[in-house]
Every structure is written in structure tokens, then in C-alpha cells.
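# Coordinates in review
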Amino acid sequence: MSTVTLAAPAAESRPTDPNRLVRFAVQADADPGTLPRVLELFAKRGLVPLSLNSRLLGETLTVEVEMTGMVAAESSHVGNCLRQIPMVLTVAVTERTVPLDLPAAAE
């Protein structure tokens, strides 16, 4: 009988920066598929947002996602992927440094 060893999930093996908080601000067409497509980019990396806010204003959906621990290359890549979603109009990616013991203090 052979033993199979599985690799660690992506969320456990990817580089992290625990002092880095990244905010993704997305403006998109009001479409039922917009929010799942935005969240999919984080979920497939094993990431859970620190905060998530969406607001529908007329024909525009605004989605803000805050994430801690992403390194610059990863957040830049996710920002570029968000811009490739057909219904997305604009994406702004901002970052700040937060204390290790107070990740939610970035509001």
C-alpha cells in the first residue's frame, strides 16, 4: 500500500506580508455576475477578506474588498485580473501598513 502526500493549499504556501493591508475598490456594471467574479479571484487563492462592502447606485455596483497579508506582486496581479472582468469599469488598489496586533485598525 502506498502513501500519498498532498501539497499544502495555496493559502498556506504563498508568501505573505502580515503588516500590509490592501484595499481594492471596484466600480462595475450592475450585473448579477459581478460580485461572484470579483470574489472568485480571492477565493481561488484561499483568501478571506478582512472586510467586504458592496453598494448598488443606479446602474453601477461599487465593491470594496480589504485584505491583509498580500505581498505587492500578488495584489498587483489580482488588481490586473479584476480589470479584465468584462463588466468592471475601474479598479483602484491602495495599500497601507498596519500593526501586527491590530489588523482591523485600518478603517
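Criteria and cut-off values
- Residues numbered from 1 in each chain as written.
- Predicted model: local features only at pLDDT ≥ 70, side-chain atom pairs only at ≥ 80, totals over all residues.
- Heavy atoms only, no water.
- Pairing = 2+ DSSP bridges.
- Helix = DSSP H or I, 4+ residues; strand = E, 2+ residues; numbered from the N terminus.
- Axes fitted to C-alpha atoms, helices over the stretch in contact; angles between N-to-C directions.
- Contact = heavy atoms within 4.5 Å.
- Buried < 20%, exposed > 50% of the residue type's maximum accessible area, 1.4 Å probe, protein only.
- Arc of directions from axis to C-beta.
- Core = buried A, V, L, I, M, F, W, Y, C linked by side-chain atoms within 4.5 Å.
- pLDDT = per-residue confidence, 0-100.
- Polar contact = N/O pair within 3.5 Å; in protein donor to acceptor, adjacent residues only side chain to side chain.

An unreviewed UniProt entry annotates the protein as Acetolactate synthase originating from Azospirillum aestuarii.

Before going further, it helps to examine the sheet that holds strand E4 (residues 88-97). The strand order across the open sheet built from four strands is E2-E3-E1-E4, with neighbouring strands paired in antiparallel fashion. Every interior strand has two partners, whereas the edge strands, strand E2 (51-57) and E4, have only one. Along the sheet, successive strands turn relative to each other by an average axial angle of 10°, direction set aside. One ladder, built from nine bridges, connects strand E1 (residues 17-29) with E4; its direction is antiparallel. Across the sheet, the residue bridging to arginine 20 is threonine 97, located in E4. In the packing of helix H2 (residues 34-43) onto the sheet, contacts are made with E1, E2 and strand E3 (60-69), and the angle to E3 comes to roughly 15°.

A few words on the environment of histidine 77. Tracing the sequence through the fold places histidine 77 in helix H3 (residues 72-83). Using a relative accessible area of 42% as the deciding quantity, one classes histidine 77 as partly exposed. Sequence separation between histidine 77 and leucine 41 is 36 residues; the distance between their C-alpha atoms is 10.0 Å.

Before going further, it helps to spend a moment on H2. All buried positions along H2 are accounted for by Thr34, Val38, Leu41 and Phe42. Here the buried residues of H2 occupy an arc of 100° about the axis, which is enough to place them on one side.

When you line up the elements, valine 48 lands in the loop between H2 and E2. Given the relative accessible area of 72%, valine 48 is considered exposed. With 18 residues separating them in the primary sequence, valine 48 and glutamate 66 have C-alpha atoms 9.4 Å apart.

On any regular strand, side chains alternate: one points to one face of the sheet, the next to the other face. Taken together, the ten bridges between E1 and E3 define a ladder with antiparallel strand orientation. Looking at the pairing, leucine 21 lines up with threonine 68 of E3.

Turning our attention to the nonpolar core. Phe24, Val26, Val38, Phe42, Met70 and Leu82 are the most contacted members of the largest nonpolar core, which totals 19 residues. For this core, the secondary structure elements donating two or more residues are E1, H2, E3, H3 and E4. Those residues within four positions of methionine 70 in sequence are excluded, and the remaining contacts are Arg14, Asp17, Arg20, Val22, Phe24, Phe42, Leu47, Ser75 and Val78.

What follows is about the confidence of the model for the protein. Counting all residues, the mean pLDDT for the protein is 87, and 82% of those residues have values of 70 or more. Taken element by element, the predicted model of the protein shows its lowest mean pLDDT in helix H1 (residues 10-13) (57) and its highest in E2 (97).

Tracing the backbone through its elements, the reader meets serine 75 in helix H3. For serine 75, a relative accessible area of 2% gives the class buried. Within polar-contact distance, the side chain of serine 75 engages the side chain of arginine 20 at 3.1 Å. In contact with serine 75, not counting residues within four places along its chain, are Arg20, Val22, Phe24, Met70 and Val93.

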